[in-house]
Amino acid sequence: MNTLLGRRARILAATTATAGMLLVAGCTSSGSAGKTAAGGVELAKAGQLTTCTHLPYPPFQSEIDGKVQGFDVSLIDLVAKDLGVKQQILDTPFENFKTGAFLNSGQCDVAAAGMTITAERKKHVDFSDPYFDATQAVLADKKSGITSLADVKAKGKKLGAQAQTTGEDYVKKEGFDPISFESSDAVINGLRTGQVQAVVIDYPVVQGWLKDKANADAFKVVDNLNTGEQYGFTVKKGNSKLLAAINKAIKDAKADGTYKKLYEQWIGPYNPSVASPSAS
């Protein structure tokens, strides 16, 4: 798996070390009267679909113009609309996504955080159908002389990664000892300030960074790591009705062109293969 942070968002990110901050996401239809939504889906709070995430992680979720927006947010908005409720977002530490802690405690209904489907995580939560195929990218300072991931080690350079992510896990398995950063915002800042000379993180995040001319002038992608990763949304184990609603929303969005529209809006040129990912 996460810089579009303003002063308020930085404060929110700091706050989540001890407690979540509830934020209203994009627009959806009017709320329901009780905790049971359309299709018999039981919700943590009446009239809302509460989504756990970890900010910032553009283009999947970040605060823009005072509102949490992104690809994940837009897809879960479709689920909320089908249920006849509004989406609310709870910003939480990323380590909670591995254990499903906030789902199990009833603080959230669904977790959406650009999260890779893994066998280990499946022990604790139920994943939706895959909604995004992801690869890892190695972004390096142009002045570093780095030309690949292997080159980072060969040249004795420092590598950074976001803590608790599959990118960090991957490079550790490859024999690296990366410097860990709490968020994607901290990852890119580590590269800017010279704490590290290269970073490994999900490619769509790098795509977003490189839209900024200053980043594009200073850094370049030197390696793409096809790790076979796919993203999924998660619910508490056994929450089959909500899981079915999420899978239906993903399927419908791919069938009616909404998925393609959102993909192009938030990520970039659309590759038809992402519309039918194989099971993880």
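Quick look at the structure, then. Note that the structure is predicted; figures quoted are calculated from it, not measured. Residues take numbers from 1 onward in each chain, read along the sequence in its written order. Per-residue local features of the predicted model are confined to residues with pLDDT of at least 70, and side-chain atom pairs are confined, for both listing and counting, to 80 or more; whole-chain, interface and lining totals are unaffected and use all residues. To get the side-chain values, all heavy atoms of the structure are used, and hydrogens and water are removed first.

1. A few points about the packing of aromatic side chains
- Pairing of aromatic rings covers Phe, Tyr and the six-membered ring of Trp, with a centre-to-centre limit of 6.5 Å; geometry is then stacked below 30 degrees between planes, edge-to-face above 60, and tilted otherwise. Tallying each qualifying case throughout the model produces 14 aromatic pairs.
- Here Y57 and F60 contribute two aromatic rings whose centre-to-centre distance is 5.7 Å and whose plane-to-plane angle is 20 degrees, an arrangement assigned as stacked. Exposure class is identical for Y57 and F60. Each is buried.
- Taken together, a centroid distance of 6.3 Å and an interplanar angle of 65 degrees make the contact between F71 and F132 edge-to-face. Of the two residues, F71 is situated in helix α2 (residues 71-83) and F132 in strand β8 (residues 132-141); the sequence distance between them amounts to 61 residues.
- Each residue is placed in one exposure class: buried if its accessible area under a 1.4 Å probe, protein chains only, is under 20% of its type's maximum, exposed if it is over 50%, and partly exposed if it falls in between. Overall, F132 belongs to the buried group, its relative accessible area being 2%.
- Members of the aromatic cluster, joined through ring pairs, are Y57, F60, F71, Y131, F132, Y231, F233, Y259 and Y263.
- In this analysis the charged atom, NZ for Lys or CZ for Arg, is taken to sit over a ring once it is within 6 Å of the ring centre and within 35 degrees of the ring normal. The ring of F176 is capped by K153, whose NZ or CZ atom sits 4.5 Å from the centre of that ring. Helix and strand assignments follow DSSP, with helices taken as H or I runs no shorter than four residues and strands as E runs no shorter than two, numbered in order from the N terminus.

2. Focus on the side chain of T53
- Assignment of secondary structure puts T53 in strand β2 (residues 48-53).
- Among the residues examined, T53 registers a relative accessible area of 1% and is labelled buried.
- The criterion used for residue contact is that any of the two residues' heavy atoms lie within 4.5 Å. Once you skip the residues sitting within four places of it in the chain, T53 turns out to touch Q61, I89, L90, D91, T92, F97, A112 and A113.

3. Re the state of the cysteines
- The term disulfide is used for any two cysteine sulfur atoms that are within 2.5 Å. Throughout the structure, instances matching the rule amount to one disulfide.
- Here C52 connects covalently by a disulfide to C108, the sulfurs 2.0 Å from one another. On the sign convention where negative is left-handed, the bridge of C52 and C108, at about 70 degrees about the S-S bond, is right-handed. With C52 in strand β2 and C108 in the loop between α4 (101-104) and β6 (110-111), this pair connects stretches of sequence that are 56 residues apart.

4. Observations regarding the packing of α2 against helix α11 (residues 240-256)
- Two elements in contact, α2 and α11, have axes separated by 9 Å at closest approach and are oriented at 115 degrees. By the criterion of interaxial angle, the relationship of α2 to α11 is roughly perpendicular. α2 and α11 meet at a crossing whose hand is right-handed. Between α2 and α11, the residues in contact are L78, V79, D82 and L83 and L242, A245, I246, A249 and A253, respectively.
- Following the grouping adopted for this structure description, the nonpolar residues are Ala, Val, Leu, Ile, Met, Phe, Trp, Tyr, Cys and Pro, the charged ones are Asp, Glu, Lys and Arg, and the polar ones are all others, Gly among them. Of the residues contributing to the contact of α2 with α11, the split by class is eight nonpolar, no polar and one charged. Axis definition: a line fitted to C-alpha atoms, over the contacting stretch in the case of helices. Angles run 0 to 180 degrees between N-to-C directions. For this classification, under 35 degrees means roughly parallel, over 145 means roughly antiparallel, 65 to 115 means roughly perpendicular, and everything else is oblique. Less than a right angle of anticlockwise turn of the near helix away from the far helix marks a crossing as left-handed, whereas a clockwise turn marks it as right-handed.

5. Focus on empty space enclosed by the protein
- Points on a 1 Å grid, built from protein atoms alone, make a cavity when a 1.4 Å probe fits but cannot get out and make a pocket when they are open with protein on both sides within 12 Å along at least 5 of 7 lines; residues with an atom within 4 Å of a point are the lining residues. Grid points are joined across faces, edges and corners, and a volume is the space filled by probe spheres set on the points. Each pocket or cavity is described by its volume, and for the largest cavity that value is around 40 Å³.
- Surrounding the largest cavity, C52, T92, N96, F97, G100, A101, F102, L103, A111 and T234 form its lining.
- For the lining of the largest cavity, the secondary-structure elements that each account for two or more residues are α3 (95-99) and α4.
- The element that contributes the greatest number of residues to the lining of the largest cavity is α4, accounting for three residues.
- Looking at side-chain class alone, the lining of the largest cavity contains six nonpolar, four polar and no charged residues.

6. Re the environment of G39
- With respect to the helices and strands, G39 occurs in the loop between β1 (21-24) and β2.
- Of the residues examined, G39 reaches a relative accessible area of 67% and is grouped as exposed.
- Residues G39 and D82 lie 43 residues apart in sequence; the distance between their C-alpha atoms is 9.2 Å.

7. Focus: the pairing of β8
- Most of β8 is tucked away, with seven of its 10 residues classed as buried.
- A pair of strands counts as paired when DSSP detects no fewer than two bridges linking them. Two strands pair when backbone bridges link them, and β8 and strand β12 (residues 219-231) are joined in this way by nine bridges, in the antiparallel orientation. Paired with A140 across the two strands is K220, which belongs to β12.
- Of the strand pairs in this sheet, β8 and strand β11 (residues 198-202) are connected by five bridges, and their pairing is antiparallel.

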